[in-house]
Each structure stands twice: as C-alpha cells, then as structure tokens.
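# Breakdown of the fold
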Amino acid sequence: MEEPSFLSRATGSLTNPLSKALDSVRDVVAHHAGESDEKLLQTNMLQLFVIVLQADGEVKAVEQQTVATLVRNVYGEAAANQLQAMLGEDKAPDLKEVCDGLESLTIEEKQTLLRALFTAAFSDNQFGEEEQQCLEEIATALGIPDDAFAVEEDTALEQHNRRMKLVRSSTGLIASVVVIGIFILTATF
C-alpha cells in the first residue's frame, strides 16, 4: 500500500477538519426520518453556519468559498446554492428560531453540530471575540452545557494550531525545494 506524500497529507489536513465536521452533520440529518424534516433540519443547520460566518461583521471570500465548497460536496449543489443565497440576504437568521427548529436533535448531535460550527469559524484562520460570543450564544440556545462548549472550543483551537503548524512547515519545505531548484538550474547553466 502506497503512503500518501507529505504534500497530499498537508492538503488533506487543511480541508479535512471541516469536511469531517460536515460529514458528521450530514449523518445527524440522515438520522432523522422524513424528507421534509430533513430539509428543515438542513436549512436550520445552514442558517447556523450563516450566523457564525457573519458574526465578525463580514463574510470573507475564503470563508464563504471553503464552507460553500464543503456544503456542496456533502449535501449537493442545491444546498450550496441555498447557503450562498442565505449569505446574500440582508436579514440575518433569527438564532432562537433556528435553534428551536433543531430541538429534535440529541445533545450529542448538537455537540457534533457545534464542532462543525467551530471548524467553520476557524476557516478564515481567525477566531475573534465576536465569533466566540456567537458560538457561546448558539451553544446556550441549543442547550449545550458550558463544560461541553469549553471542550469543543479547546479541541477546535488545538486542531487549528496543528493545521497552521503543518502549513508553516510545508511552506518552508516548498520554499527550500524552490531555492534548491533555482540553485541547481543556475549551476547547470
């Protein structure tokens, strides 16, 4: 069995956490029966992503593209278009109403959703006070205990720091290879 290259592992580590989180959220939606219920749950979950992405006052292109791409890969083109439309609306979703629509989820499913929201919050490589407060409000509205929130926040921060460390090390490695390549080309000619 062939082992993946360092670069492919680095690329996978950058997109994997959000992809894994959205896959988990998809499993939560799939667990609940009924197509109309599934669509409503999906809409409410997408609205939570919108709330988190808008928490810092602006939705950066990298955030929007990352989350939309992963939503497209997990839920399909219609869900990605729905997310884009929600992000384009002037009116932000009502947090209480959205969380009330997710009341049928178990506490474990709500924690899985919170984990995905944390990962989305880190998608622009920044995690400000506004995003933290937003996620705290979401956790409270979903009925997630403070200790579970703290664990999810610590886990998300740890994953983010690991990804950034890998990015920095792979960037240095790529720069070294480029410099060596230029040196070899210069010496050859």
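Before any of the text, the structure's been laid out above.
## Quick look at the packing of helix H3 (residues 61-75) against helix H4 (residues 77-88)
Following both chains from N to C, one finds H3 and H4 inclined at 150 degrees, their axes separated by 6 Å at the closest point. Between H3 and H4, the crossing angle belongs to the class labelled roughly antiparallel. In the crossing of H3 with H4, the sense of the turn from one axis to the other is right-handed. Residues Gln64, Val67, Ala68, Val71, Arg72 and Tyr75 of H3 touch H4, and the partners they reach there are Glu77, Ala79, Ala80, Leu83, Gln84 and Leu87. For the contact of H3 with H4, a count of residues per class yields 8 nonpolar, 2 polar and 2 charged.

## Here's the deal with the layout of surface pockets
By volume, the second largest pocket is sized at about 160 Å³. Taken together, Asn44, Gln47, Met86, Glu89, Lys91, Ala92, Pro93, Asp94, Glu97 and Val98 make up the lining of the second largest pocket. For the lining of the second largest pocket, the secondary structure elements donating two or more residues are helix H2 (35-53) and helix H5 (95-100). The residue inventory of the lining of the second largest pocket, partitioned by class, reads 4 nonpolar, 2 polar and 4 charged.

## What to know about the nonpolar core
In this structure, Leu48, Leu83, Leu102, Leu135 and Ile138 are the most contacted members of the largest nonpolar core, which totals 41 residues. Elements with a contribution of two residues or more to this core: H2, H3, H4, H5, helix H6 (107-121), helix H7 (129-142) and helix H8 (146-188). Considering every element that reaches this core, the biggest residue donor is H2, with 9 residues.

Conventions used here
Residues numbered from 1 in each chain as written. Predicted model: local features only at pLDDT ≥ 70, side-chain atom pairs only at ≥ 80, totals over all residues. Heavy atoms only, no water. Axes fitted to C-alpha atoms, helices over the stretch in contact; angles between N-to-C directions. Helix = DSSP H or I, 4+ residues; strand = E, 2+ residues; numbered from the N terminus. Parallel < 35°, antiparallel > 145°, perpendicular 65-115°, else oblique. Left-handed = near helix turned anticlockwise from the far one by under 90°. Contact = heavy atoms within 4.5 Å. Nonpolar A, V, L, I, M, F, W, Y, C, P; charged D, E, K, R; others polar. 1 Å grid on protein atoms, 1.4 Å probe; cavity = no way out; pocket = protein on both sides within 12 Å on 5 of 7 lines; lining within 4 Å. Points joined across faces, edges and corners; volume = space filled by probe spheres on them. Core = buried A, V, L, I, M, F, W, Y, C linked by side-chain atoms within 4.5 Å. Buried < 20%, exposed > 50% of the residue type's maximum accessible area, 1.4 Å probe, protein only.

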